[in-house]
Amino acid sequence: MTNSVPLGITLVQNLGAPAANTAAAAGLLKVLIAAKATDTAVELTSTNKAASGSKLPFWVVLGDSQQTKLYDANAVVRFLYKTGSLAPADHIAVEQLFEWEEKTLSLFDSEKDMNAMLAAADSKAGQFSGGSTVGAVDAVVLGTMYFVLSNAKSSVLATFPSLQQWFSRQVASAAVTAALPIYTANIVKVLVREEPSLNNRCFNKDVEFNYDPSKKVLPIEGAKNILITSALPYVNNVPHLGNIIGSTLSADVFARYSRIRGNNTLFICGTDEYGTATETKALEEGVSCRELCDKYYAVHKEAYDWFGLSFDQFGRTSTDKQTEIVQGIFNKMHANGFISENTTSQLYCEKCSRFLADRFVEGTCPRCSYEDARGDQCDKCGNLLNATELIDPRCKLDGNSPIIRDSSHLFIDLDRLQPKCEEFIRRSSVEGKWSSNGLAITNDWLGRGLRPRAITRDLKWGVPVPLPGYESKVFYVWFDACIGYPSITAAYTPEWERWWKNPEQVKLYQFMGKDNVPFHTVVFPSSQIATGEDWTFLHHVSSCEYLNYESGKFSKSRNIGVFGNSARKTGVPADVWRYYLLSSRPETSDTDFTWDNFVSCNNAVLLANIGNLCSRVMKFLDKDTKYAGVIPAADPALIAPGADTADRHFIDDVNKLLAQYIEQMDGVHIKAALTTARDISARGNQYLQFSNMSNALFSDHRAQCDTVMALATNLVYLLSALFYPFMPATAASICRQLNAPLRLLPETFEIDLKPGHVTGRPEYLFTNIDEKKIAQWRAEFGSGTSA
């Protein structure tokens, strides 16, 4: 239906050229098609909202004497086609389709609801004009549908044949052919954003990290086999942040790093369940030792699961396997003559009618005068003690002053084992590059001379001693706790000896707090030596000092400090906790947890550095007016080795920092490596700033912009690997945004996400923490200075 309109119209664009996928662009095309179809002259002009005072994208000024303005595209189409003069039946039919277009078709999201939009139009296509005619309804529908129809794949359009045929006729018509060049010149081109999928990935598949925790890990001949243990936490309490950073979290970081370096890695931990500590807590709670262990095992596991610790096996020591392996080791030590029997003087509580195990005794340390030293160790100076050495000892159960009585016990002859133990330490500490504090603590022990040490106790809860006359005694927990590593591994696989009796192919890394060092560097290796078997010995020991809380001590009884089961109550994601704890890791001296530093770490480092980089890159790449999520190709001349360009200098700088990170992590300098990863992210932000990544760079220097985006997105992909050991959920978010798999950590920075790779949608990695939370959390979790 074509009608002659004697007067021309003026189309005034008020907000600049609209993007092709907007309602404003659809309205522009409706008017242009209608004008061409009705032979109406149309003049395009522009103004701006500051001058016009209007927020409307455009309006049409009619060429009548009143200079009438129409602000709705469909109203302009009605005017140009004079639909009001149609026969009543035809007018009703047209208006019904106009109403359908306004209330249904135009409300679809052209990207999210494309198929539904096409189906809706296809259902009405029979009511549109046939042949090459461009009627009022055609102009309106084509204006709304053009972006979708012109960008839809032919295979998709083929499923809507009626609509496809109508569209083919319309774009071939004279009116549409004449309108489209004007339309294209007055809009901003928009790319169709493909939804990310496995099919539109384009990446270097050699870097894909394939880790399946359900598959059993066993040593592989010729591979780098890494066995990692975290000190077994006592089952009788809830771990606090100091416990977590001291061993389990630190070990998890190294295990994750080892895996993304392609090493064959096994990570073992579990709860230490035997001994006096358990009996004491069970008495306090009025339950059996087994009930207590079951309760706190679940508490520990839930806390570690929330922190994202990736144990291959998190087991426990109160098992038949523990009994079997401990007794087997003891029998070999006994047969080899390294076990002796002696009568010892022990503290006996007449009120309790029992010998007091070390944990049932407190008193003043004879070395540093700390008044709350335990019967086996002083928490202040770290020295191991015998309970009888305490000054003014007292029974923890009733406060009574115990007396000394004799009891027969078995001893491991550490003095006879010292020469071979020292030989092991000299070799391993150099080859494995032990932590400085771990080596210092070990040498202090050796320097004072090793003495025979009792390995049995007058308790019921523990591994029974398999010798006649010792039926009422169990092994001392410090003797059998480290044997928990092999027994937990045995619960994981019956082939546990392939890990623990395979020194030629397995490297053992052990993580712990400083108070546990002698048991791992002296006592357990001495027990291994005494068996005469070919054990896998300690390769590297990583020990931590203490993490304090707000200049004081963690105290569950006084409700002071953050514990493993309470961190989540803050609503702060586990990755933020992980990052802060690891950045404060007490590697060479005690460090302090403070709420001020915690919030500052999130806001000033995670959000402002790492989060800012990822957000800038992903949002710029995602814009449909620029890359629509498709990674461009870098200009080879700008990134070639030796090129004197900012881009090549950036690559070289990243490679230097990457080599430094790998060296630090290989040496288990976790805090330093985390700083280096942060420096790499900061170098990325500096590169974006120097390159002036902006709309102007995209429009005026496209090759340079493409290079910046190719390098920046690949840096983000590299960061996912660098931060994976520290913040695994954050790494997963980065990879989800990139539509890429978790990756291995390479030796050098490469373009592993190739040109044409379709990325995912941007996500926020971190959110700001209101500083008002500091006072709230300090009130909720206590002030350490009052401890």
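For the structure, check the block above.
The structure presented is a predicted model; accordingly, all values stated were derived computationally and were not measured.

Asks: So what exactly am I meant to see when it comes to the overall build of the protein chain here?
Replies: Broken down by element type, the protein chain carries 28 helices and 20 strands. By the compact-globule yardstick of 28 Å for 787 residues, the protein chain is too spread out, its C-alpha radius of gyration being 37 Å. Expressed as lengths along the three principal axes of its C-alpha atoms, the size of the protein chain is roughly 120 × 55 × 45 Å. Looking at the protein chain as a whole, 56% of its 787 residues are labelled buried. At a minimum sequence separation of 6, the contacts of the protein chain that also span at least 24 residues come to 78%. As displayed, the protein chain has an accessible area near 32300 Å², and 50% of this comes from carbon and sulfur atoms. For the protein chain, the centre of its 77 positive side-chain charges and the centre of its 86 negative side-chain charges are spaced 1 Å apart.

Asks: For this particular structure, what's the right way to read the packing of helix α20 (residues 574-583) against helix α21 (residues 595-622)?
Replies: The relative placement of two packed helices comes down to the angle between their axes together with the axis-to-axis distance. Taken N-terminus to C-terminus, the directions of α20 and α21 make an angle of 110 degrees; their axes are 10 Å apart at the nearest point. Classed by the angle they form, the pair α20 and α21 counts as roughly perpendicular. Along the contact surface, α20 presents V576, W577, Y579, Y580 and S583, while α21 presents W595, N597, F598, C601, N602, V605, L606 and I610. Looking at the contact of α20 with α21 residue by residue, the classes come out as 10 nonpolar, three polar and no charged.

Asks: Please explain helix α6 (residues 136-151) as it appears in this structure.
Replies: Because each turn of an α-helix spans 3.6 residues, side chains separated by three or four positions end up pointing in the same direction. Helix length check: α6, at 16 residues, gives a terminal C-alpha distance of 23 Å against a target of 22 Å (1.5 Å per residue), a fit within 8%. Along α6, the sharpest kink reaches roughly 60 degrees, centred on M145. Across the 16 residues that make up α6, a large majority, 14, are buried.

Asks: Explain the packing of aromatic side chains here, please?
Replies: For any pair of aromatic rings, geometry is given as the distance between the ring centres together with the angle between the planes. Tallied over the full model, the rule gives 45 aromatic pairs. With 5.7 Å between their ring centres and 70 degrees between their planes, F209 and Y724 make a pair best called edge-to-face. With a gap of 515 residues between them, F209 in the loop between α9 (174-185) and β5 (225-230) and Y724 in the loop between α26 (702-723) and α27 (728-738) connect regions that are remote in the sequence. Taking 6.3 Å as the distance between ring centres and 25 degrees as the angle between the ring planes, the aromatic pair formed by W478 and F519 counts as stacked. On the criterion of sequence distance, the pair formed by W478 in helix α16 (residues 477-480) and F519 in helix α19 (residues 517-531) is long-range, its members being 41 residues apart. Cluster of aromatic residues (ring-pair linked, three or more members): Y549, F554, F563, W577, Y580, F593, W595, F598, W777 and F781. One residue, R405, lies across the ring of Y348, its end atom 4.0 Å from the ring centre. Of note, R743 hangs over the ring of Y717, and the distance from its end group to the ring centre comes to 4.7 Å.

Asks: Help me out: how do you make sense of unusual backbone geometry in this one?
Replies: Comment: phi is negative for the bulk of residues other than glycine, and the bulk of peptide bonds are trans. For D39, which is not glycine, the phi dihedral falls at a positive 55 degrees. Along the chain, D39 turns up in the loop between α1 (23-37) and β2 (42-46). The exposure class of D39 is exposed, given its relative accessible area of 61%.

Asks: I would appreciate a short explanation of the side chain of N236 in the present structure.
Replies: Within the secondary structure, N236 is located in the loop between β5 and α10 (241-260). Under the relative-accessibility criterion, N236 is labelled buried at 14%. Residue contacts for N236: discarding those within four places in its chain leaves A277, K281, L292 and Y296.

Asks: Looking at this structure, how should I read the packing of α1 against helix α3 (residues 73-81)?
Replies: Where α1 contacts α3, the two axes come as close as 9 Å, and the packing angle between them is 5 degrees. The angle between α1 and α3 places the two elements in the roughly parallel class. Each of G27, K30, V31, A34, A35 and A37 in α1 lies in contact with α3, whose residues at this interface are A73, N74, V76, V77, L80 and Y81. In terms of residue class, the contact of α1 with α3 is made up of nine nonpolar, two polar and one charged.

Asks: What's the story with the sheet that holds strand β14 (residues 453-454) in this structure? I'm lost.
Replies: Hydrogen bonds between backbone groups are what pair the strands of a sheet, and the pairing can be parallel or antiparallel. Strand order across the open sheet formed by four strands is β9-β8-β13-β14, with antiparallel pairing between neighbours. One side of each edge strand has no neighbouring strand; the edge strands of this open sheet are β9 (354-355) and β14. With two bridges connecting them, strand β13 (residues 403-412) and β14 associate as antiparallel partners. Along β14, the bridge assignment pairs F411 with A454.

Asks: Help me understand the nonpolar core in this model?
Replies: Looking at soluble globular proteins, one finds that nonpolar side chains tend to be buried together. W577, W595, F598, Y661, F726 and L745 are the most contacted members of the largest nonpolar core, which has 176 residues in total. With 14 residues, α26 is the single largest residue contributor to this core. Other than its neighbours up to four places away in sequence, Y661 contacts Y257, A673, T676, A677, A721, L722, P725, F726 and L745. Listed in part, the 58 residues of the second largest apolar core include A20, V31, L97 and V134.

Asks: Please explain helix α8 (residues 161-172) as it appears in this structure.
Replies: Along its 12 residues, α8 runs 17 Å from first to last C-alpha, staying within 8% of the 16 Å computed at 1.5 Å per residue. Here α8 has its buried residues at L163, W166, F167 and Q170. All buried residues of α8 lie within an arc of 100 degrees about the axis, which places them on one face of the element. Buried residues belonging to α8 abut α5 (114-124), α6 and α9.

Asks: Help me understand the pattern of salt bridges, please; the structure alone is not making it clear to me.
Replies: On inspection of all chains with the given rule, the structure shows 44 salt bridges. For D252, the salt bridge goes to R578, with nearest N and O atoms at 2.8 Å. You can see D252 sitting in helix α10 and its partner R578 sitting in helix α20, a full 326 residues away along the chain. Each member of the pair D252 and R578 is classed as buried. Between K301 and D305 there is a salt bridge; the shortest N-O distance is 3.0 Å.

Each value, and the rule that gives it
- Residues numbered from 1 in each chain as written.
- Predicted model: local features only at pLDDT ≥ 70, side-chain atom pairs only at ≥ 80, totals over all residues.
- Heavy atoms only, no water.
- Helix = DSSP H or I, 4+ residues; strand = E, 2+ residues; numbered from the N terminus.
- Rg over C-alpha atoms; globule rule 2.2 N^0.38 Å.
- Buried < 20%, exposed > 50% of the residue type's maximum accessible area, 1.4 Å probe, protein only.
- Contact = heavy atoms within 4.5 Å.
- Areas by Shrake-Rupley, 256 points an atom, 1.4 Å probe, with all protein chains shown as cover.
- Lys, Arg positive; Asp, Glu negative; His and termini not counted.
- Charge placed at Lys NZ, Arg CZ, Asp CG, Glu CD.
- Axes fitted to C-alpha atoms, helices over the stretch in contact; angles between N-to-C directions.
- Parallel < 35°, antiparallel > 145°, perpendicular 65-115°, else oblique.
- Nonpolar A, V, L, I, M, F, W, Y, C, P; charged D, E, K, R; others polar.
- Expected span 1.5 Å × (residues − 1).
- Bend = angle between axes of the 7 residues up to and from the residue.
- Phe/Tyr/Trp six-rings, centres within 6.5 Å; stacked < 30°, edge-to-face > 60°.
- Lys NZ or Arg CZ within 6 Å of the ring centre and 35° of its normal.
- Pairing = 2+ DSSP bridges.
- Core = buried A, V, L, I, M, F, W, Y, C linked by side-chain atoms within 4.5 Å.
- Arc of directions from axis to C-beta.
- Salt bridge = Lys/Arg side-chain N within 4 Å of Asp/Glu carboxyl O.

These figures come from the coordinates and say nothing about function on their own.
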